[in-house]
Amino acid sequence: MTGSANREEAEVEQLLEFEAVSKKYGNKAALRDVSLSVGPGRIVGLLGSNGSGKTTLMRIAAGLDRPDSGTVRVLGHEPGRASKALISFMPDRPQFERWMTVGEALDFQRDFFADFDPDKSKRMLEFMKLSRGDKASSLSKGMQERLQLTLALSRRASLYLLDEPIGGVDPVARGHILDALVEFYEEDSSMIVSTHLIADIERIFDEVLMIKEGSLVLRQEVEQLRMDSGKSVDQLFKEVYAEC
Amino acid sequence: MTIEFDNNLPIYLQIMNYIKLQIVTGKLGPGEKIPSVRELASELKINPNTIQRTFQELEREGVAESRRGLGRFVTSEDEKIMSIKKEMAAELLERFIGGMRELGFDNDNIVKIVAESVNDGKREPGGSRSGTTA
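Residues numbered from 1 in each chain as written. Chains lettered and ligands numbered in written order. Predicted model: local features only at pLDDT ≥ 70, side-chain atom pairs only at ≥ 80, totals over all residues.

Things to note about the overall build of chain A
Here is step 1: Helix and strand content of chain A: eight helices and nine strands.
Here is step 2: Since a compact globule built from 244 residues should have a radius of gyration of about 18 Å, the 18 Å found for chain A is in line with a globular shape.
Here is step 3: A principal-axis box enclosing the C-alpha atoms of chain A has dimensions of 50 × 45 × 40 Å.
Here is step 4: Out of the 244 residues in chain A, the part that is buried amounts to 40%.
Here is step 5: Of all intrachain contacts in chain A linking residues separated by at least 6 positions in sequence, the fraction that spans at least 24 positions is 72%. (Helix = DSSP H or I, 4+ residues; strand = E, 2+ residues; numbered from the N terminus. Rg over C-alpha atoms; globule rule 2.2 N^0.38 Å. Buried ≥ 20, exposed ≤ 12 C-beta atoms within 10 Å, placed from the backbone. Contact = placed C-beta atoms within 7 Å.)

Here's the deal with the overall build of chain B
Here is step 1: Within chain B one finds five helices and three strands.
Here is step 2: Secondary structure elements of chain B occur, N-terminal to C-terminal, as α-β-α-α-β-β-α-α.
Here is step 3: Burial statistics for chain B: of 134 residues in total, 21% are counted as buried.
Here is step 4: When contacts within chain B are restricted to residue pairs at least 6 apart in sequence, long-range pairs at least 24 apart make up 53% of them.

Some details on the UniProt feature "domain: ABC transporter" (unreviewed entry) in chain A
Here is step 1: Here, UniProt's "domain: ABC transporter" (unreviewed entry) annotation points to residues 16-238 of chain A.
Here is step 2: Helix and strand shares over residues 16-238 of chain A are 34% and 27% respectively, and the end C-alpha atoms of the span are 27 Å apart. (UniProt positions renumbered as here; feature names shortened; annotations may be inferred.)

Focus: the interface of chain A and chain B
A common way to express how large an interface is: the accessible area buried when the components associate.
Here is step 1: Residue-level contacts link 21 residues of chain A with 15 residues of chain B.
Here is step 2: Among the residues forming the side of chain A that touches chain B, the class breakdown is eight nonpolar, three polar and 10 charged. (Nonpolar A, V, L, I, M, F, W, Y, C, P; charged D, E, K, R; others polar.)

A few points about the pairing of strand β1 (residues 16-25) of chain A
All names here are of chain A.
Here is step 1: Note: β1 against strand β4 (residues 69-74), five bridges, orientation antiparallel. Residue pairing across strands places E17 opposite R73, the latter belonging to β4.
Here is step 2: As judged from the seven bridges shared by β1 and strand β2 (residues 28-38), these two strands associate in the antiparallel manner. Counterpart to F18 in the pairing with β2 is L36.
Here is step 3: Between β1 and β2, which pair antiparallel in sequence order, lie two residues; one of them, G26, sits at a positive phi of approximately 65 degrees. (Pairing = 2+ DSSP bridges.)

Some remarks on helix α4 (residues 78-102) of chain B
All names here are of chain B.
Here is step 1: Here α4 is 25 residues long and its end C-alpha atoms lie 36 Å apart, about the 36 Å a rise of 1.5 Å per residue gives.
Here is step 2: Burial within α4 is sparse, with just one of its 25 residues counted as buried.
Here is step 3: Taken from the residues just after α4, G104 is the one with a positive phi, measuring 100 degrees. (Expected span 1.5 Å × (residues − 1).)

Examining helix α7 (residues 222-229) of chain A
Here is step 1: Among the residues of α7 of chain A, those classed as buried are V222, E223, L225 and R226 of chain A. Viewed end-on, α7 of chain A has its buried residues packed into an arc of 160 degrees, placing them on one side of the element. Facing away from the buried side of α7 of chain A by over 90 degrees, the exposed positions are Q224 and D228 of chain A.
Here is step 2: Its buried side turned inward, α7 of chain A meets β8 (207-212), β9 (215-221) and α8 (233-242) of chain A together with α1 (11-24) and α3 (48-60) of chain B.
Here is step 3: Immediately downstream of α7 of chain A, the backbone of G230 of chain A shows phi near 65 degrees, a positive value. (Arc of directions from axis to C-beta.)

Some thoughts on unusual backbone geometry
Here is step 1: In the Ramachandran plot, E213 of chain A falls in the positive-phi region, its phi being about 45 degrees despite a non-glycine side chain.
Here is step 2: Its place among the elements puts E213 of chain A in the loop between β8 and β9.
Here is step 3: Phi is positive for K45 of chain B, which is not a glycine, with a value near 55 degrees.
Here is step 4: Relative to the assigned elements, K45 of chain B resides in the loop between α2 (37-44) and α3.

Observations regarding the environment of T55 of chain A
Here is step 1: With respect to the element layout, T55 of chain A can be found in helix α1 (residues 54-61).
Here is step 2: Once residues within four sequence positions are removed from consideration, T55 of chain A is found in contact with D92 and D163 of chain A.

Points about the domain arrangement of chain B
All names here are of chain B.
Here is step 1: Entries for chain B in the domain assignment read domain 1 (11-77) and domain 2 (79-127).
Here is step 2: For domain 1 and domain 2, the distance between their C-alpha centres works out to 28 Å.
Here is step 3: Each partner contributes residues to the interface: domain 1 has eight residues there, and domain 2 has six residues.
Here is step 4: Considered class by class, the residues forming the side of domain 1 that touches domain 2 number four nonpolar, two polar and two charged. (Domains from an automatic or database assignment.)

What follows is the structure in structure tokens.
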């Protein structure tokens, strides 16, 4: 930081800020007036059932969709080239081409992003039991998820947006992906992980955002939540979604 | 390390209790090094900030101390370790007594039942009741 030493230190720079963000697809409101901020060094759970707006929120944060109204800032930048360089986004569908090998998919990622870390990517491949020669088209669903995650976490980004990383995989593969998240998470970055499967993953979260029909309905530190309510995040989530 | 976590309770408290139990039972000796935040986070698959908080609380209670550049260590004060033991015993007792009262036992009866039960235990050869609750 430059010069003014007297500025209050409490002012932590937010990695991601949404202010009154709304988005419609056709007539359907995907996000309604969402405001939130994510500071550095946090793992945030973005929780919601299918169609609640999780993916829209991530796509807007990643700069892939524009909000109809409201503002988005990534480390102070408006969404665009600068913000995209800071964010590693793992979409819920494969971002590699089916004809690629694992190695080719990684090389592709390396060519696109300056913050690609070959060493980390190598360690991740090993951890995920993937080989560079494997054909993407012959990977099982669980292995595809692992490759997706490897692609996303091989970058040294400030903010990782992981859309349903444990979505369609069996419990064993889920456990392995969870291990990888903790193992390869870097404490100076932040991670937003969307999921509708909570019980397995809630212990890695600092804080959760619950989103329902496009609105942010709850935002809380998970340990505080357990302390105050005596409930697990999973339990609270079910209650929030039951009251329709 | 393995802990069966209960997601309904703050995780840092559960890890604190677990580490205290390790200390009291001698699995982590006085002055012994405690794993790093990173190691424990990976091992337990827990958020690193939660582990950090666990360690801060352990330090605040004087159970652990950090030495600059070297890491964190179990206290080497026997008194402190003894007091953790007493504290943990007090918690167990409180829960037990609370449960017994709920069942309708008064103080005299509780004492009597405990005395009988402890004596029964003594008569068992080989001390099959030793060991700790984990």
